[in-house]
Amino acid sequence: MWYVIEGYDGEGAAEGRRTARPAHLARLRALADAGRLLLAGPCPAIDAEDPGEAGFSGSLVVAEFASLADARAWADADPYVDAGVYARVEVRPFKRVLP
């Protein structure tokens with residue numbers, strides 16, 4: 001089943017994003033290589049594709065896991081969690097309809 005994983009950045013998350021980004025992206029690439037990633041990306045903190053110094057307010061991942069528990073475990077092991085980027089992470093089931 002598909003799951004939505006939403007990470008919400010805490011205060012001062014920019015430095016943690018910079019340092020943890022390679023490991024964070026490697027985990028996403030592994031999901032993509034396995035055909036289990038629908039989409040992933042950061043949410044700009046302002047209405048701009050490149051937010052510059054405003055940075056990001058969080059991230060969104062939609063990926064396939066065997067269970068909600070597996071999706072939560074994957075989310076809990078995200079390098080952005082370890083680096084203190086996310087103040088909180090929400091995981092919930094997602095029913096893909098389109099495309």
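Below: a short report on this structure. Everything quoted here is computed from the prediction, not taken from an experiment.

**Points about the layout of surface pockets**
Of the pockets and cavities examined, the largest pocket occupies roughly 500 Å³. D9, R17, P42, F56 and Y80 are, among the 23 residues lining the largest pocket, the residues nearest its centre. Counting only elements with at least two residues in the lining of the largest pocket, the list comes to α1 (13–33), β2 (37–44) and β3 (56–64). No other element matches α1, which puts eight residues into the lining of the largest pocket.

**What about helix α2 (residues 68–76)?**
Given 3.6 residues to a turn, an α-helix orients residues that are three or four positions apart in the same direction. Residues of α2 that are buried: A71, W74 and A75. Relative to the axis of α2, the buried residues are bounded by an arc of 100° and lie together on one face. Those residues of α2 that are exposed and aimed more than 90 degrees away from the buried face are A69 and D76. Buried positions along α2 lie against β1 (2–9), α1, α3 (79–82) and β4 (86–94).

**Concerning the sheet that holds β2**
One open sheet holds the four strands; their spatial order is β2-β3-β1-β4, and the pairing between them is antiparallel. Edge positions in the sheet fall to β2 and β4, since each has one partner strand and no second. Taking the axes of each pair of neighbouring strands and ignoring which way they run, one obtains an average angle of 10° across the sheet. In the sheet, β2 pairs with β3 via seven bridges, with the strands oriented antiparallel. In the strand pairing of β3, L39 is matched with V62. In the packing of α2 onto the sheet, the strands contacted are β1 and β4, and the crossing angle to β4 comes to about 155°.

Rules used in this analysis
- Residues numbered from 1 in each chain as written.
- Predicted model: local features only at pLDDT ≥ 70, side-chain atom pairs only at ≥ 80, totals over all residues.
- Heavy atoms only, no water.
- 1 Å grid on protein atoms, 1.4 Å probe; cavity = no way out; pocket = protein on both sides within 12 Å on 5 of 7 lines; lining within 4 Å.
- Points joined across faces, edges and corners; volume = space filled by probe spheres on them.
- Helix = DSSP H or I, 4+ residues; strand = E, 2+ residues; numbered from the N terminus.
- Buried < 20%, exposed > 50% of the residue type's maximum accessible area, 1.4 Å probe, protein only.
- Arc of directions from axis to C-beta.
- Contact = heavy atoms within 4.5 Å.
- Pairing = 2+ DSSP bridges.
- Axes fitted to C-alpha atoms, helices over the stretch in contact; angles between N-to-C directions.

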